[in-house]
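# Notes for the structure review
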Amino acid sequence: MYHLAKSIYLYATSKEEYSILLLGLDNAGKTTLLSSIKSLYLPSGPPTAQKTVPTVGQNVSTIDLGDMYLKIWDVGGQHSLRRLWTSYYESCHAVVFVVDSTDLGDGELDGPNESPISRAEIGAGLQDREGGDGDIAGQTGSQHIGRLQECRLVLESVLASSATQGIPILVLANKQDREDCVETVRIKEGLVRRVFEGEKGGGVRDSRVLPISALKGTGVKEAVEWIKSRVQWNKEGRPPVMR
Ligand code: G3D
Ligand code: MG
């Protein structure tokens, strides 16, 4: 009887928890975004405009959205850390890919399936890096390839992983407060759509591109709302953890 009562109590008081993985190149604004989400949803969260330092290791925060928890992982975007991302893929319920809208040149890839970067160039970017596990997410050095191409390769590698198949992907065009930013529609058409529709796009998936300024907090609520609705929508594909 005690066990039954306890189970009913736990069932009635527990909530669904979904894990969200923040990915993107270094300096894209992932840590700033996590601070911004915390300041919106945690009563004791930090003020939005905080000085960030390059993330080594991980930052993780759980926010309570009333009917669910979102556990948000910021795992660092420097290329030496990207090879760790794959270990998070299987347990995450959605990926948020943060793009620095001011670090993409004109934001337009050359062609839908064109791959202007040769393996040799990727290799050249790797000369300073030891080891390797065959994962492009950990292989793109930025010193020999442009940031737009680097962003494209890294996004492709996230989509190509079997562990991210079927989960929602939100691309955030960050730093939209800056005058030198590339417009979201251009990032959507010139980069994201081409990657998603390209041969490494991994087929049909639930995705969206939204403009934000992680620093000012603009668009952050809309991004969280999108994630919230999509992880619930996909809960049979990837069930939440009960907490
Ligand atoms: P990362 O965690 O993806 O590596 P950070 O990126 O969150 O550390 O941010 C890198 C730099 O970009 C930081 O500047 C941060 O303030 C800035 N940044 C992040 N988001 C925005 C934004 O929306 N608008 C603007 N204008 N800047 C942003 P510093 O100077 O601290 O290196
Ligand atoms: Mg960081």
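- An unreviewed UniProt entry annotates the chain as ADP-ribosylation factor protein 3 of Heterodermia speciosa.

## Focus: the packing of aromatic side chains
- Tallied over the full model, the rule gives one aromatic pair.
- Between Trp73 and Tyr88, the ring centres sit 5.6 Å apart and the planes meet at 55 degrees, which makes this aromatic pair tilted. Residue Trp73 is found in strand β3 (residues 68-74), and its partner Tyr88 is found in helix α3 (residues 86-89); the two are separated by 15 residues along the sequence. For the pair formed by Trp73 and Tyr88, the shared burial category is buried.
- Over the ring of Trp233 we find Arg230; its NZ or CZ atom is 4.8 Å from the centre of that ring.

## Some points on a nonpolar patch on the surface
- A contiguous nonpolar patch, built from Met1, Leu4 and Ile8 and spanning about 380 Å² of accessible area, is present on the exposed surface.
- Tracing the backbone shows Met1 in the segment before α1 (2-13).
- With relative accessibility at 81%, the residue Met1 sits in the exposed group.

## Some thoughts on the packing of helix α2 (residues 30-41) against helix α7 (residues 220-233)
- In contact at an axis separation of 10 Å, α2 and α7 are set at 85 degrees when each is read in the N-to-C sense. Classified by the angle their axes make, α2 and α7 are roughly perpendicular. Contacts from Leu33, Ser36, Ile37, Leu40 and Tyr41 in α2 reach Val220, Lys221, Val224 and Glu225 in α7.
- For the contact of α2 with α7, the residue count by class is six nonpolar, one polar and two charged.

## Description of the environment of Val241
- You can see Val241 is positioned in strand β7 (residues 241-242).
- Among the residues examined, Val241 registers a relative accessible area of 36% and is labelled partly exposed.
- Setting aside its immediate chain neighbours within four residues, Val241 contacts Lys15, Glu16 and Glu17.

## Some remarks on the environment of Lys228
- With respect to the helices, strands and loops of the structure, Lys228 is situated in helix α7.
- Its relative accessible area of 17% is what places Lys228 among the buried residues.
- In this structure, the C-alpha to C-alpha distance between Lys228 and Met68, residues 160 residues apart in sequence, is 8.4 Å.
- In contact with Lys228, other than residues within four places in its own chain, are Leu65, Asp67 and Met68.

Calculation criteria
Residues numbered from 1 in each chain as written. Chains lettered and ligands numbered in written order. Predicted model: local features only at pLDDT ≥ 70, side-chain atom pairs only at ≥ 80, totals over all residues. Heavy atoms only, no water. Phe/Tyr/Trp six-rings, centres within 6.5 Å; stacked < 30°, edge-to-face > 60°. Helix = DSSP H or I, 4+ residues; strand = E, 2+ residues; numbered from the N terminus. Buried < 20%, exposed > 50% of the residue type's maximum accessible area, 1.4 Å probe, protein only. Lys NZ or Arg CZ within 6 Å of the ring centre and 35° of its normal. Patch = residues over 30% accessible without salt bridge, like charges linked within 9 Å, V, L, I, M, F, W, Y side chains within 5 Å. Areas by Shrake-Rupley, 256 points an atom, 1.4 Å probe, with all protein chains shown as cover. Salt bridge = Lys/Arg side-chain N within 4 Å of Asp/Glu carboxyl O. Axes fitted to C-alpha atoms, helices over the stretch in contact; angles between N-to-C directions. Parallel < 35°, antiparallel > 145°, perpendicular 65-115°, else oblique. Contact = heavy atoms within 4.5 Å. Nonpolar A, V, L, I, M, F, W, Y, C, P; charged D, E, K, R; others polar.

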